[in-house]
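Fold and contact review
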Amino acid sequence: MKLFSIKRETKAEGRFTPKMGALVTKVTYIKKQFLSIPYKTLHKYRETYYGEVKDCEDCNLAR
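I will try to describe carefully the structure that is included in this document. (Residues numbered from 1 in each chain as written. Predicted model: local features only at pLDDT ≥ 70, side-chain atom pairs only at ≥ 80, totals over all residues. Heavy atoms only, no water.)

**Quick notes on the packing of aromatic side chains**
The geometry of two aromatic rings is summed up by the distance between their centres and the angle between their planes. One pass over the full model with this rule turns up one aromatic pair. Taking the centre distance of 5.2 Å and the plane angle of 50 degrees together, the rings of Phe4 and Phe34 count as tilted. A residue pair is termed long-range when its members are at least 10 positions apart, and Phe4 in strand S1 (residues 4–17) and Phe34 in strand S2 (residues 21–34) qualify at 30 residues. A cation over an aromatic ring shows up here: Lys31 above the ring of Tyr29, its NZ or CZ 5.5 Å from the ring centre. (Phe/Tyr/Trp six-rings, centres within 6.5 Å; stacked < 30°, edge-to-face > 60°. Helix = DSSP H or I, 4+ residues; strand = E, 2+ residues; numbered from the N terminus. Lys NZ or Arg CZ within 6 Å of the ring centre and 35° of its normal.)

Right, dumping it as structure tokens:
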């Protein structure tokens, strides 16, 4: 049994960009786990409609 592992999870989230407005996109989280309990998010990114991969710091949450 591993003590540390890294897991990748994708889920749909609502985002807001100044150019496009509100949109729903797939956001991928890379999380570090200790004994199968996630405790730290290492990176999160999203894939655009055209297939580009962008960092989630470029857009704000739509709330």
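Having seen the model, we can carry on.
**As for the pairing of strand S3 (residues 37–47)**
For a regular strand, side chains alternate in direction, first toward one face of the sheet and then toward the other. As defined by bridge partners, S2 adjoins S3 across eight bridges and the pair is classed as antiparallel. Each residue of the ladder has a partner; that of Ile30, found in S3, is His43. Of the pairings in the sheet, the one linking S3 to strand S4 (residues 53–55) comprises three bridges and is antiparallel in character. In the sheet register, Glu47 faces S4, and the bridge partner there is Val53. Adjacent in sequence and paired antiparallel, S3 and S4 are bridged by five residues, among which Gly51 carries a positive phi angle near 95 degrees. (Pairing = 2+ DSSP bridges.)

**Structural notes on the layout of surface pockets**
Looking at the largest pocket, its volume works out to about 290 Å³. Along the walls of the largest pocket sit 14 residues, with Met20, Arg46, Thr48, Tyr49 and Lys54 positioned nearest its centre. Elements with a minimum of two residues in the lining of the largest pocket: S2 and S3. Looking at the lining of the largest pocket element by element, the count peaks at three residues for S2. (1 Å grid on protein atoms, 1.4 Å probe; cavity = no way out; pocket = protein on both sides within 12 Å on 5 of 7 lines; lining within 4 Å. Points joined across faces, edges and corners; volume = space filled by probe spheres on them.)

**Points about the pairing of S2**
Relative to S2, S1 runs antiparallel, the two being bridged by 14 bridges. The partner of Thr17 across the bridge, within S2, is Gly21. Turn length for the S1-S2 hairpin, with the two strands adjacent in sequence and antiparallel, is three residues. The antiparallel hairpin formed by S2 and S3 contains two residues in its connecting segment, where Leu35 sits at a positive phi of about 55 degrees.

**Points about unusual backbone geometry**
One non-glycine residue, Leu35, lies in positive phi territory at about 55 degrees. Backbone geometry at Ser36 places phi at a positive 65 degrees, although glycine is not the residue there. Within the secondary structure, Ser36 sits in the loop between S2 and S3. Assessed through its relative accessible area of 60%, Ser36 is described here as exposed. (Buried < 20%, exposed > 50% of the residue type's maximum accessible area, 1.4 Å probe, protein only.)

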